[in-house]
Structure formats: C-alpha cells, structure tokens
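Each chain, written out:
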Amino acid sequence: MSSNTTPDSGRRSLLQATLAAASAPLFIRHAFAADAGLRFAVGLASGCPRPGGMVLWTRLTGDDLPPQAEVSWELAEDEAFSRIAASGLEQAVADDAHSVHAEPSGLKPDRWYWYRFSALGARSGIGRTRTAPALDADVQQLRFAIASCQRWDHGRYAAWADMAKQDLDLVLFLGDYIYENAASSNASASGPAPRVHLGGLCRTLPDYRQRYAQYKSDPALQAMHARAPWLIIWDDHEVDNDWAGASSQGLELDFPARRAAAAKAYWEHLPFPKALRPSGFDLRIHQRYDWGKLARLIALDCRQYRDPQVCPKPGRGGSNTLSVQDCPAFLDPKRSLLGAAQEQWLAQSWDAQRPWNLLAQSTLMAQMNWQDKPDQPRVHWTDGWDGYGPARGRLLQGLVAKKLPNAVVLGGDVHANYVCDLKLDFNHANSAVVATEFCGTSISSQGLDQQRIDRARPHNPHIRYGRSDQHGYMSFVLQAGGLQAELRTVRELWLADSAVDVSTRFAVAAGQPGAQPL
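A brief look at the structure comes next. (Residues numbered from 1 in each chain as written. Predicted model: local features only at pLDDT ≥ 70, side-chain atom pairs only at ≥ 80, totals over all residues. Heavy atoms only, no water.)

**Here we look at the overall build of the protein chain**
Stage number 1. When helices and strands are tallied, the protein chain shows 9 helices and 26 strands.
Stage number 2. The C-alpha atoms of the protein chain give 22 Å as radius of gyration, which agrees with the globular expectation for 518 residues (24 Å, within 12%).
Stage number 3. Looking at the protein chain as a whole, 60% of its 518 residues are labelled buried.
Stage number 4. Looking at the protein chain alone, contacts between residues at least 24 apart form 70% of all its contacts between residues at least 6 apart.
Stage number 5. For the protein chain, the accessible surface area stands at approximately 19,700 Å², while carbon and sulfur atoms represent 50% of it.
Stage number 6. If the 54 positive side-chain charges of the protein chain are averaged to one point and the 55 negative ones to another, these points end up 2 Å apart. (Helix = DSSP H or I, 4+ residues; strand = E, 2+ residues; numbered from the N terminus. Rg over C-alpha atoms; globule rule 2.2 N^0.38 Å. Buried < 20%, exposed > 50% of the residue type's maximum accessible area, 1.4 Å probe, protein only. Contact = heavy atoms within 4.5 Å. Areas by Shrake-Rupley, 256 points an atom, 1.4 Å probe, with all protein chains shown as cover. Lys, Arg positive; Asp, Glu negative; His and termini not counted. Charge placed at Lys NZ, Arg CZ, Asp CG, Glu CD.)

**Describing the layout of surface pockets**
Stage number 1. In this structure, the largest pocket occupies an estimated 630 Å³ of space.
Stage number 2. Partitioned by chemical class, the residues of the lining of the largest pocket number 12 nonpolar, 13 polar and 7 charged. (1 Å grid on protein atoms, 1.4 Å probe; cavity = no way out; pocket = protein on both sides within 12 Å on 5 of 7 lines; lining within 4 Å. Points joined across faces, edges and corners; volume = space filled by probe spheres on them. Nonpolar A, V, L, I, M, F, W, Y, C, P; charged D, E, K, R; others polar.)

**Regarding the packing of aromatic side chains**
Stage number 1. Under the defined criterion, the tally for this structure stands at 16 aromatic pairs.
Stage number 2. A network of ring pairs unites the aromatic residues W160, F173, Y177, Y212 and W230 as a single cluster.
Stage number 3. Against the face of Y113 rests R111, its NZ or CZ located 4.9 Å from the ring centre. (Phe/Tyr/Trp six-rings, centres within 6.5 Å; stacked < 30°, edge-to-face > 60°. Lys NZ or Arg CZ within 6 Å of the ring centre and 35° of its normal.)

**Re the environment of I126**
Stage number 1. Following the sequence through the fold, I126 ends up in the loop between β7 (122–123) and β8 (127–130).
Stage number 2. The exposure class assigned to I126 is buried, which follows from its relative accessible area of 5%.
Stage number 3. For I126 and S442, which are 316 residues apart along the polypeptide, the C-alpha to C-alpha distance reads 28 Å.

**Some remarks on the packing of helix α4 (residues 205–215) against helix α6 (residues 255–268)**
Stage number 1. Where α4 contacts α6, the two axes come as close as 8 Å, and the packing angle between them is 35°. The two elements α4 and α6 cross, and the hand of that crossing is right-handed. Here L205, Y208, R209 and Y212 of α4 come into contact with α6, specifically with R258, A261, A262, K264, A265, Y266 and E268.
Stage number 2. Residue composition of the contact of α4 with α6, by class: 7 nonpolar, no polar and 4 charged. (Axes fitted to C-alpha atoms, helices over the stretch in contact; angles between N-to-C directions. Left-handed = near helix turned anticlockwise from the far one by under 90°.)

**Some words on the pattern of salt bridges**
Stage number 1. Evaluation of the coordinates by the stated rule reveals 37 salt bridges.
Stage number 2. With a shortest N-O distance of 3.9 Å, R111 and E77 are connected by a salt bridge. You can see R111 sitting in the loop between β5 (99–102) and β6 (112–119) and its partner E77 sitting in the loop between β3 (68–76) and β4 (84–93), a full 34 residues away along the chain.
Stage number 3. By relative accessible area, which is 22% here, R111 ends up partly exposed. (Salt bridge = Lys/Arg side-chain N within 4 Å of Asp/Glu carboxyl O.)

**Some words on the sheet that holds strand β20 (residues 417–423)**
Sheets are built from strands that pair by backbone hydrogen bonding, the pairs being arranged parallel or antiparallel.
Stage number 1. Within the open sheet, the 7 strands sit side by side as β14-β15-β17-β19-β21-β20-β22. Their pairing is mixed. If you trace the sheet from one side to the other, it starts and ends with β14 (287–291) and β22 (463–467), each paired once. Neighbour-to-neighbour, the strand axes of the sheet open up by a mean angle of 20°, direction not taken into account.
Stage number 2. Bridge count for β14 against strand β15 (residues 295–299) is 5 bridges, and the pairing is antiparallel. Each bridged residue has a counterpart across the sheet, and for W291 the counterpart in β15 is A295.
Stage number 3. Packed on one face of the sheet, helix α7 (residues 340–349) meets β14, β15 and β17 (356–360) and runs near 175° to β15.
Stage number 4. Seen against the sheet, helix α8 (residues 389–401) touches β17, β19 (407–411), β20 and β21 (433–439) and runs at an angle of roughly 120° to β21. (Pairing = 2+ DSSP bridges.)

**Some remarks on the nonpolar core**
Stage number 1. Counting residues in hydrophobic clusters, the biggest one holds 88 residues, and the most contacted among them are F144, W160, L172, L297, L410 and F438.
Stage number 2. It is α6 that provides the largest number of residues to this core, a total of 7 residues.
Stage number 3. Excluding residues within four positions of it along the chain, L297 makes contact with L142, L170, L172, L231, Q287, R288, Y289, W291 and L358.
Stage number 4. Core analysis: the next-biggest nonpolar cluster, separate from the first, contains 36 residues, L338, L396, L399 and L422 among them. (Core = buried A, V, L, I, M, F, W, Y, C linked by side-chain atoms within 4.5 Å.)

**Regarding α7**
Stage number 1. Buried within α7 are the following residues: Q342, W345, L346 and S349. When α7 is viewed along its axis, its buried side chains cluster within an angular range of 100° and face the same direction. Facing away from the buried side of α7, by more than 90 degrees, are the exposed residues A340, Q344 and Q348.
Stage number 2. Those residues of α7 hidden inside the fold are in contact with β14, β15, β17 and α8. (Arc of directions from axis to C-beta.)

**As for unusual backbone geometry**
Stage number 1. You will see that D176, though not glycine, has its phi angle at about 65°, which is positive.
Stage number 2. Topologically, D176 is positioned in the loop between β10 (170–173) and β11 (187–188).
Stage number 3. We classify D176 as buried; its relative accessible area is 0%.

These values are about where atoms sit, not about what they do.
Here it is as structure tokens:
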C-alpha cells in the first residue's frame, strides 16, 4: 500500500468504484483495499476452523505473475492489526494457480481474528475469521448457515449479500460452488440473462480455473468469504453433472483426467489445508469438527466413492427417474452412496457425548416419491439417496444404534427448501422419527416447477415443507436445548441488492426429532 494512502481512505475509494460497477452492498468494505484489485482480484477466505487455528486462503492474480511469488500474511486480534497473533510467509506458485493456503496454529480457541495478505507490492483486503471453541468448552450457541448451488448465469448473489449482514460463526457450503456448463440461453423475465459463463464446458485445468475466477469475482460472494470461516463439500457440478466415482454422465473415456483437473482447481480456489492437495483425482473432503461440548459436525463426500446410478438412460451415465417396479436395482443392498470405507468412518464418527450431531452432506436424504397416482409403484430419482435406499437405511440405523441425543441432517443440491422427518421406514406412517432434515434451496440455480412438488407432497407425509420457488439460504441458531431455523428467501433473483424475506421458521427441541413450525 502506498505510504500516501491510508487503509480507510483507500478502502473507501475502491468500494465506491465497486458499488458503481456491481451494485454491491456497503458492508463489503472489509473485503477490499486500495491496491487489492490487481493482485487479489478474487478476494480471500478462511475455513476448516479448529480450536487452535484455521486455513487462510487467497490467490494472486494478474497477467504478469512470476512463476513463484512470496506472499506474507498476518493474523491479528484486532481489525487495526495492532496486536498480531501470527504471521508467516508462503510461496505462491504457478503450478497451484498462485493459490495460498496459510495455516496459523497455536491460537486462542473460541475467538475472532482478522487477517490479510501482501505480495508483489500490494496488500489484500481484510478478512474476519475465528477459531472453534476448545473441545471441552461449555458453549452457549453456534450460529451458522447452509448454502449451495450458486449457478452464475441463473441469478445474482443477493443471498450472499444478505448473509454477510448476519453475525454467523460458520458457513456450511454443501455443493455446486461452480457449474461446469458452457454458456446457456437462460433468460430472465425481462430478456437475456444479464451474465453468462466464460468459455465452454469445463474439461481442462485452465477451464476450471477460469470458471472459479469468474465466480469468485462477485463482490457479494467475496464479502461473505471475508466475513466468517467456511466448511465446504462438493456435489456434482464442480466436476460434471451427475458424476459418480469413476463414471461421468457422458461415459467419457478420458474422465479420470478431467476429474483430476477439477479436483486440483477445487483445492486451489478454496480454503483447504495443504495436506489435502490432491494427488491425481483423490481429494479427501470428508472431515469431522467439534464445536466445544455442544456439537459434532460431520462433513461427507457424496460423489467420489459412490457406485454409479442405477438404470441410467440408454447410452448414458448419470441419473434417471423411474419406478421401483421398473428398476429392481433400487433395492440392491450392496450399493453405496458413500463407499464402504466412508460408511465405516461415519459409523465411527457419531458422538453420543455431545447433545447435537450435525451431518453436512450434499443432497436430500428423505425419501421423495414422485408418483402422484394412488396405489401405483413408487417413483424415485436415482441420483439422490433414493437411488441408494439400503445405504440410507444403514446410515440411519447407525445413528439410532449410537443412541444420539439429537441428529440433524443438512443438505442442498435439489434447488428447493425441504424440511423433513427422517425415518427408518418412510412407507409406514407409524415408523418413528429418528432425525430431522433441513435441505436448503439454491443461492441462484433454478429449480423444479412448484406444482410438481405440490402434487408429490400428499405421497410424502414425512416432508413438512417443500418449496422450489424459493432461492436463498437457511440460517440456524443451535443451543443445547434446541435448534432454530430461519429460511431466508431472495425476492428478486436478478437484483444484486434484492430484499431478502424470512419465508418461515422452524424449531427442533432437544430430545424430540422432527421440526416444528414457529
């Protein structure tokens, strides 16, 4: 930063320019600095919070970057950086898209910090992050949000702008951070889509890198990354629609190379530890975190280890929607969505000592029967948990066997808000509710016609709420005695500064699985 420019005045000048260009909300000032535009154009982020540290991320930008550049970072106990808690140097190299994954350690648990980067004579904006509470700490509450599915050419990011105004401890992003698709012809009500994807279908490492850079250029997304730490898992569109393990939707012979490129770009652009840098296409994203004595958070990988979907359309891989009668493989107990090793890891990860277990995974877990005619065979979508029914049963049986005080499943993927009762047998009304599910809608990605869900609801009585005509996110407050959920919905999807409404609220009382409307 120039010696003639103060941090506040420089930040204001860039913010004014950003507001004029992108209608960004005022609270993003902390995500920008006067000289951050060239070298830190995709912002900064933090993630994977532990009691003693977290991951700090950025990526250097600019056409004239050297093959290797030194990047310094600072982490402070105050926003003015007068009390430095940790600092260090990292090497940003071209082989990793000049990304930086700094990992401060030895920090105080359960407190907020501020961080920034410097490189090549430029300084980044300021981000805010925090450590998790100590493992044995009595924690009063955890404030968090879940979000997913932010397709660039389906809408603006008013949901992120609204979320950045909230005082959250943590963001759980549950998949589809980017979409691999080429530019589409999707249009808004007033005409052609106001923004489109750069480039064609992502297949190579440069393709995926360009797509992440485009998404991360959005000021509202940058602001939310700079506001709080994230825990992140992927779904399909970070690689290819409906991919499953070694299989792509198009049954590509070169899919292993494409999958490796996608995994590499994913790690490069998000706040994951250095140790997770992928070797080939293997990237372990399933992890567990503890929030003091209050909650165990478990994050799953629902793509990398799964068996291919049953009964695909002729000549293709990927999903289909058909009846159990027409596809007996629905009931094959050998098939897995998580893979045998991850299933075993999950069974060992449940924590009956903490009052709450939160399971972060990428799609709707409750059964959804799309049959709208009485006394006809059930109809299911094969890409979700319905395509792996026996595996879902094993998961739910496992949490019952552990006698967990309270289990809540969190999901995304389906571009609709669902609040559901989870049962061992969805087809019997007297089957006990064993857990609660909140499956959040998309940030921007378009969903099904609401009438289709309305027709299906009578055949799915365990689904307490289902709305595909809503976009936004879910916000939660977790305390020992209960969980409260607020479904926040964007009013105008193509307005970056759209109002955001509270569509409804639910509560889950400790010891009583099943959400109740407030």
